[in-house]
Amino acid sequence: MIDERIEALRARMAENKVDAYLVPTDDFHGSEYVGEYFKCRQFITGFTGSAGTAVITRDMAGLWTDGRYFIQAAEQLSGSQVQLFKMGEPQVPTVHEYLKQCLGEGACLGYDGRTVSDGEAAELAALMNEKHGVIQGGLDLIGDIWTDRPALPAEPVFALDEKWTGESRSERIARVRGVMKEKGADIFVLTSLDDIAWMLNIRGGDIHCNPVVLSYLVMDQNDVTLFANEKAFPDDVKRALCADGVHLKPYDLIYTYASEIPSGCKVLLCRRKVNSLLTSLIPEGVTILDEENPTTLFKAVKTPTEVENERTAHIRDGVALTKFIYWLKKNVGKIPMTELSAGEKLLSLRQEQEHFMGNSFDAIISYGPHAAINHYSPTPQTDIPIEAKGLLLADTGGQYLEGTTDVTRTIVMGPVSEEQKLYFTAVLRGMLNLAAAKFRYGASGLNLDYLARGPLWELGKDFNHGTGHGVGYFLNVHEGPNSFHWKKTATRRADTVFEEGMITSDEPGYYVEGAYGIRHENLIVCVKDEETEFGQFMRFEHLTMAPFDLDAVVPEQMTARERELLNAYHKEVYEKIAPHLDEEERLWLHEATRAI
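Residues numbered from 1 in each chain as written. Predicted model: local features only at pLDDT ≥ 70, side-chain atom pairs only at ≥ 80, totals over all residues. Heavy atoms only, no water.

Peer 1: If you had to explain the sheet that holds strand β17 (residues 391–396) to someone new, which residues and values would you point to?
Peer 2: Pairing within the open sheet is antiparallel, and its three strands lie in the order β16-β17-β20. Of all strands in the sheet, those bounded by a partner on one side alone are β16 (364–367) and β20 (407–412). Recorded for the sheet is a direction-independent mean angle of 10 degrees between the axes of neighbouring strands. Of the strand pairs in this sheet, β16 and β17 are connected by four bridges, and their pairing is antiparallel. Among the inter-strand pairings, Ser366 is bridged to a residue of β17, identified as Leu393. (Pairing = 2+ DSSP bridges. Helix = DSSP H or I, 4+ residues; strand = E, 2+ residues; numbered from the N terminus. Axes fitted to C-alpha atoms, helices over the stretch in contact; angles between N-to-C directions.)

Here is the structure:
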């Protein structure tokens, strides 16, 4: 079936005189995850992962994806003509390098400009100019052949009350208008779905696990226009939006609006985030101010109300996770359990918690060798039994009205090796040291990342992923710009200064392919510490409240300070979680959080 789809696409390419057709993962908003309507890359390749790009030429079909998905992609592409290009591996060209190599003089590259950012479109244009070629950026050729394509998502929209956010819609709009005034912008164009949801204090369900609303937003100093499906908005939400000067227009009219912006206007937008079709329609006489969306930093710095609500969310989530760990240890080897059934059990425990709104991402419950595959999520085809031995990695999270959670615990299911204990402890030491950092204001994730990697680096080991990412407030579980990483890359800077109220994950790991994986993750919030003659000092506080498995901890491997950090954390976990457990669970947690 995949090969038939590729041949049908090639027929449409020939009709349009296209030599290569680019199919990104993105929707029209550059979202990390996308709704069913937007899964064109999955449709044409059969690969279901959340990251990747397809290129179809007249004689080649290729999929580029990263190391998280090498194994999954190889399995899903098997039997089709689609070739796997392992991004970052030696001698593997990037998508742009491949296009430069394979396209001849005067060639034509096609894509749907709604799914390619203006920033990438500029790079592709430069590449094609070298070839004296052309780009057709208005072609939805997948849509032409996808006869049973799902409808655009339009899940019900609801307003998020100020008691959850601590800041009204009108206040957030005013803050953005202040930046527009500073920049001299007449119009602000915003297309990132989580930024729109944040500014308008609305939530929806148009992307799996991400409570966002499919929409575009434009604003000036007087009006805000939201381009969205009006049918998704209840009357009370429409009235509330209108009262704050927000007016609804049909989703697709954003492109007409862009083409009619008056000459001489200055438009603030972020080319990396706005799709290329939209920007291509803006008249030449309009000045584009290409800067980061002001909402990005505003959204990352949580209000005091949001931080306090997050503490509540993490206690509720910690109760569910603690009950889950207890259930696993009590029942492993006694009742049937698999990766999938364990995930269902944890979901049921979260569903018992007040204000739970759903998972914040698909649960990563990975046992044994599966835990060595970053971001592995079990499927009916890969699901395996959990046995009374080895390690289980559970990276999961929930959406609550009080906030978003993301937590990883590596759980001892039975006998483990001394090697596993060594690395289990080293990873835990790094996680604790980073969470306990005290630093001068102005530091970023680049400055602090070593604290998490140090214990592994001392052993000549490392992990090949970032140490931490920002997390939204009842929004996307992955949110910029704050993060932890030890080096800059083209796509990851990690040099954003930590501000009071930023919430970031702290998640070092260690992985042995084909054997086991270890990761420990807490969410931490940045708060002010003392101010001295050297300036303001900052620190982090734990939000996540759940025990680490002492059955794999080697106390002798830890410094006295590290043991104190773990004991203090476990004392806090017991104090906050125990009141919500039954007697048997409390007795277990008391032992599980004992001082070492």
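Let's pick the thread back up.
Peer 1: Would you mind going over the pairing of strand β8 (residues 187–190) in detail, with residue names and values included?
Peer 2: Side chains Ile187 and Val189 project from β8 onto one buried face, and the interleaved Phe188 and Leu190 project onto a second face that is buried too. In this sheet, strand β13 (residues 266–269) lies alongside β8 in parallel orientation, the contact comprising two bridges. Note on β13: the bridge partner recorded for Phe188 is Leu268. Relative to strand β10 (residues 215–219), β8 runs antiparallel, the two being bridged by three bridges. Paired with Val189 across the two strands is Val218, which belongs to β10. (Buried < 20%, exposed > 50% of the residue type's maximum accessible area, 1.4 Å probe, protein only.)

Peer 1: So what's going on with the side chain of Asp206? Residues and values would help.
Peer 2: Among the secondary structure elements, Asp206 is positioned in the loop between β9 (202–203) and β10. Despite its burial, Asp206 remains without a salt bridge, the nearest opposite charge being carried by Arg203 at 12 Å. Here the side chain of Asp206 touches Ala154 through a polar contact of 3.5 Å, landing on its backbone nitrogen. Look past the residues within four positions of Asp206 in its chain and what remains in contact with it is Gly35, Pro153, Ala154, Glu155, Val212, Val213 and Leu214. (Lys, Arg positive; Asp, Glu negative; His and termini not counted. Salt bridge = Lys/Arg side-chain N within 4 Å of Asp/Glu carboxyl O. Polar contact = N/O pair within 3.5 Å; in protein donor to acceptor, adjacent residues only side chain to side chain. Contact = heavy atoms within 4.5 Å.)

Peer 1: Which residues make up helix α8 (residues 169–183), and what values do they have?
Peer 2: Helix length check: α8, at 15 residues, gives a terminal C-alpha distance of 22 Å against a target of 21 Å (1.5 Å per residue), a fit within 8%. Of the residues making up α8, those classed as buried are Arg169, Arg172, Ile173, Val176, Arg177, Val179 and Met180. For α8, the angular spread of buried residues about the axis comes to 155 degrees, placing them on one side. Relative to its buried face, α8 has exposed residues pointing more than 90 degrees away, namely Lys181 and Glu182. Following α8 by one or two positions, Gly184 adopts a phi angle in the positive range, close to 75 degrees. (Expected span 1.5 Å × (residues − 1). Arc of directions from axis to C-beta.)

Peer 1: Can you break down the environment of Gln42 residue by residue, with the values?
Peer 2: Tracing the backbone through its elements, the reader meets Gln42 in helix α2 (residues 40–45). Expressed as a C-alpha distance, the spacing of Gln42 and Ile2, which sit 40 residues apart in the sequence, is 9.8 Å. In contact with Gln42, not counting residues within four places along its chain, are Phe47 and Thr48.

So far we have only geometry, and geometry alone does not tell us how the molecule works.
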